[in-house]
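Each chain, written out:
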Amino acid sequence: MSGMPQAARPGQSRVPRPLRRAGTATRSQLGALLLAALFAGLLPIAQASISVRDDTGKLVLLVHPAQRIVALSPQLVELSYAAGAGSKLIATVQHADAPPAARKLPRVGDAFALNLEAIASLKPDLILAWKSGTPPRQIDTLQRLGIPVYWSQTDSLQAIANTVRRIGELAGTDAVARPWVRAFDARMAALRARYARQAPVRVFYQVWSDPLMTVGGPQLINQAIDLCGGVNPFAALPLLAPSISREAVIAADPQLIVAASSNADALDAWTRDSEVSAVRHRQLVLLNPHQLPRMGAQVLDGVAQLCAAIARTRSIDGGR
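So, how was this worked out
- Residues numbered from 1 in each chain as written.
- Predicted model: local features only at pLDDT ≥ 70, side-chain atom pairs only at ≥ 80, totals over all residues.
- Heavy atoms only, no water.
- Axes fitted to C-alpha atoms, helices over the stretch in contact; angles between N-to-C directions.
- Helix = DSSP H or I, 4+ residues; strand = E, 2+ residues; numbered from the N terminus.
- Parallel < 35°, antiparallel > 145°, perpendicular 65-115°, else oblique.
- Contact = heavy atoms within 4.5 Å.
- Nonpolar A, V, L, I, M, F, W, Y, C, P; charged D, E, K, R; others polar.
- Polar contact = N/O pair within 3.5 Å; in protein donor to acceptor, adjacent residues only side chain to side chain.
- Pairing = 2+ DSSP bridges.
- Disulfide = S-S within 2.5 Å.
- Buried < 20%, exposed > 50% of the residue type's maximum accessible area, 1.4 Å probe, protein only.
- Expected span 1.5 Å × (residues − 1).
- Left-handed = near helix turned anticlockwise from the far one by under 90°.
- Phe/Tyr/Trp six-rings, centres within 6.5 Å; stacked < 30°, edge-to-face > 60°.
- Core = buried A, V, L, I, M, F, W, Y, C linked by side-chain atoms within 4.5 Å.

Now, about the packing of helix H5 (residues 157-171) against helix H6 (residues 174-195): what can you tell me, with residues and values included?
Contact geometry for H5 and H6: axes closest at 8 Å, N-to-C directions at 170°. It follows that H5 is roughly antiparallel to H6 by the angle criterion. For the pair formed by H5 and H6, the contact residues are Leu157, Gln158, Ile160, Ala161, Val164, Arg165, Gly168 and Glu169 on the first element and Asp174, Ala177, Trp180, Val181, Phe184, Asp185 and Met188 on the second. The class makeup of the residues in the contact of H5 with H6 is 9 nonpolar, 2 polar and 4 charged.

Right, here's the structure in full:
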């Protein structure tokens, strides 16, 4: 649910590129790059020693473990480090600032555009891309570069662990990735066991205040609420982040209102609605914005924080 482009930090390396906006190569220049990358990146299936299926169902084939990886989302940078492949990252996008070592990586775009010239010039042997976070107009061009692309679409907590496992396979770092996945699975199972069969608590998760937005059924955060013994009154909505009215929230009478934000005033607008149980019992809670909503390596820290908030509300409000 990740931003606006940020200025480069002092000392941060940059990718050499012409002085033009990302993704604005001339037709002849980009065509030449595509053609060169295509011939350089052709990979007969018979030669592939590594075969991994990504979240779109497509096979990603490599002759050797990837050594030069471009990760096109902050989440995928985090998960690459978790998989032991951080040292193989050669570039990423704006706002990929965790772990701290990632801040030194060159940037090849942001949430609005990718610099395809810069990506091709780096000669990566693997691109990790976020399917729903890549500008639609650039998806086809990115795929035509001839460089293997692993498309990630983490729509469940288990999918995050699966991504780490697959990155480990592609980068040849299974020895790091597999223990991380086992620890992740064990911790998730422990959280589920601890909070299963508890009295339900109605939880309103505020994604944005103006316009007012929450999480619908397909959203991973909705699954986290359920794991913690919470009930999302808007889980039946089919959108990831539907807009709703303030009146609908008041009618749902949540016992807990949460938001993942660094803005200390993010939930202050609710304090005048004393008819809402969460307001009456002072259960307005801010979560760490870099954990649960980021859906990266620290996602279970965010789930644990949410579960603890729901448990406190249960004890205060009696689980009604």
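Talk me through the environment of Asp110; I want residue IDs and the actual numbers.
Topologically, Asp110 is positioned in the loop between strand E4 (89-91) and helix H3 (116-121). Separated by 38 residues in sequence, Asp110 and Leu72 have C-alpha atoms that sit 8.3 Å apart. A distance of 2.8 Å separates the side chain of Asp110 from the backbone nitrogen of Phe112, its partner in a polar contact.

Any details on the sheet that holds strand E10 (residues 230-231)? Residues and values, ideally.
An order of E10-E7-E11-E12 is seen for the 4 strands of this open sheet, with the pairing classed as parallel. Strand pairing shows two members of the sheet lacking a second neighbour, E10 and strand E12 (284-287), which therefore form its edges. The pairing of strand E11 (residues 256-260) with E12 spans 4 bridges and is classified as parallel. The residue bridging Ile257 from the neighbouring strand is Leu284, located in E12.

Can you break down the side chain of Thr134 residue by residue, with the values?
Position of Thr134 relative to the elements: it lies in the loop between strand E5 (126-130) and helix H4 (136-143). Within the structure, Thr134 has its side chain in polar contact with the backbone oxygen of Trp130 (distance 2.7 Å). The residues contacting Thr134, other than those within four sequence positions of it, are Leu114, Ala129, Ile139 and Trp151.

With reference to specific residues and values, describe the state of the cysteines.
Summed over all chains, the structure comprises 1 disulfide. The partner cysteine of Cys228 in its disulfide is Cys307, sulfur to sulfur 1.9 Å. Looking down the S-S bond of the Cys228 and Cys307 bridge, the torsion is -80°, so its handedness is left-handed. Note that Cys228 is positioned in the loop between helix H7 (220-227) and E10 and Cys307 in helix H10 (residues 299-317), a separation of 79 residues in sequence. The same class applies to Cys228 and to Cys307, which are both buried.

Quick one: what's the story with the pairing of strand E7 (residues 201-205), residue by residue and with numbers?
In terms of burial, E7 is a largely internal element, 4 of the 5 residues being buried. As defined by bridge partners, E7 adjoins E10 across 2 bridges and the pair is classed as parallel. In the strand pairing of E10, Val201 is matched with Gly230. Direction of pairing for E7 relative to E11: parallel, over a ladder of 3 bridges.

Account for H5, naming residues and giving values.
When the terminal C-alpha atoms of H5 are compared, their 22 Å separation across 15 residues agrees well with the 21 Å that a helix rising 1.5 Å per residue should span. Most of H5 is tucked away: 11 of the 15 residues are buried. Along H5, the positions that sit buried rather than exposed are Leu157, Ala159, Ile160, Ala161, Thr163, Val164, Arg166, Ile167, Gly168, Leu170 and Ala171. Two residues or fewer past H5, Gly172 is found with a positive phi of approximately 70°.

Got a sec to walk through the packing of helix H2 (residues 74-82) against H5? Specific residues and values, please.
Between H2 and H5, whose axes approach to 9 Å, the crossing angle comes to 60°. The orientation of H2 with respect to H5, classified from their angle, is oblique. Judged by the twist between their axes, the crossing of H2 over H5 is right-handed. Along the contact surface, H2 presents Leu76, Leu79, Ser80 and Ala82, while H5 presents Ile160, Thr163, Val164 and Ile167.

Give a detailed account of the packing of aromatic side chains, specifying residues and quantitative values.
The geometry of an aromatic ring pair is captured by the separation of the ring centres together with the interplanar angle, meaning the angle of the planes. Applying the stated rule across the entire model yields 3 aromatic pairs. Each ring, one from Phe204 and one from Phe234, has its centre 6.0 Å from the other, and the planes form 75°; the classification is edge-to-face. Here Phe204, found in strand E7, pairs with Phe234, found in the loop between E10 and helix H8 (246-252); they are 30 residues apart in sequence, far enough to count as distant. Accessibility assignment for this pair places Phe204 and Phe234 in one class, buried. On the numbers, 5.7 Å between centres and 70° between planes, the contact of Phe204 with Trp270 is edge-to-face. In this pair, Phe204 sits in strand E7 while Trp270 sits in the loop between E11 and helix H9 (277-280), placing the two residues 66 residues apart along the sequence. Comparing Phe204 with Trp270 shows no difference in burial state: the two are buried.

Account for the nonpolar core, with residues named and values stated.
If you look at soluble globular proteins, the nonpolar side chains tend to sit buried side by side. Leu292, Val303 and Leu306 are the most contacted members of the largest nonpolar core, which has 56 residues in total. Setting aside chain neighbours within four positions, we find Val303 in contact with Leu157, Leu191, Ala224, Leu227, Cys228 and Leu292. Counting 20 residues, the second largest nonpolar core, distinct from the first, contains Ile90, Ala118, Ala129 and Val149.

With reference to specific residues and values, describe the environment of Ala83.
In this structure, Ala83 sits in the loop between H2 and E4. Separated by 98 residues in sequence, Ala83 and Val181 place their C-alpha atoms 8.6 Å apart. In this structure, Ala83 is in contact with Val164, Ile167, Gly168, Thr173, Val176 and Ala177, ignoring residues within four places of it in sequence.

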